[in-house]
Amino acid sequence: MIVKGFVKIDRKITKWRWYKDTSTFKIFLHLILTANYEDREFEDIVIKRGQRVASIRSLAAESGLTEKNVRTAIKHLKATGEVASLPTPKYTVFTVVNYEKYQIVAN
């Protein structure tokens, strides 16, 4: 999990449909905060910018939410296209779908 650097959050997020759903908002923000900011190798795959390797259990532990709350939040985010996930036998790769929109790199 990445813990250095910063992220940008546009104030218009207060108008987002999940803003008042505490668990969904928290998991979305947590994924933005902990997603790779650059491509990195992990085991035998490349985890791209905007992606994160995790499990429901690890997201629950990191966020302080229950596993049920995390599963529901991920379900919401997937249903509305904010997050995608690719499960493997050992872990899940979560993708913040429009990560570039949220975290534009200024040159």
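Coordinates for the structure precede this section.
Cut-offs used in this document
Residues numbered from 1 in each chain as written. Predicted model: local features only at pLDDT ≥ 70, side-chain atom pairs only at ≥ 80, totals over all residues. Heavy atoms only, no water. Salt bridge = Lys/Arg side-chain N within 4 Å of Asp/Glu carboxyl O. Helix = DSSP H or I, 4+ residues; strand = E, 2+ residues; numbered from the N terminus. Buried < 20%, exposed > 50% of the residue type's maximum accessible area, 1.4 Å probe, protein only. Pairing = 2+ DSSP bridges.

**Q** For the pattern of salt bridges, give the residues involved together with the corresponding values.
**A** A complete count under the given rule lists six salt bridges for this structure. Between E62 and R52 there is a salt bridge, with its nearest N and O atoms 2.7 Å apart. Of this pair, E62 sits in helix α2 (residues 56-63) while R52 sits in strand β3 (residues 51-54); the two residues are 10 residues apart in sequence, bridging distant segments of the chain. Note on E62: relative accessible area 31%, which makes it partly exposed. The exposure class of R52 is buried, given its relative accessible area of 7%. For R57, the salt bridge is made with E67, and the minimal N-O distance between the two is 3.4 Å. Here R57 is found in helix α2, whereas its partner E67 is found in helix α3 (residues 67-79), with 10 residues between them in sequence.

**Q** Explain the pairing of strand β4 (residues 83-87) residue by residue, including any values.
**A** Where β4 meets strand β5 (residues 92-96), five bridges bridge the pair, whose relative direction is antiparallel. Across the sheet, the residue bridging to P87 is T92, located in β5. Hairpin connection from β4 to β5: four residues lie between these consecutive antiparallel strands.

All we've got here are geometric facts, nothing functional implied.
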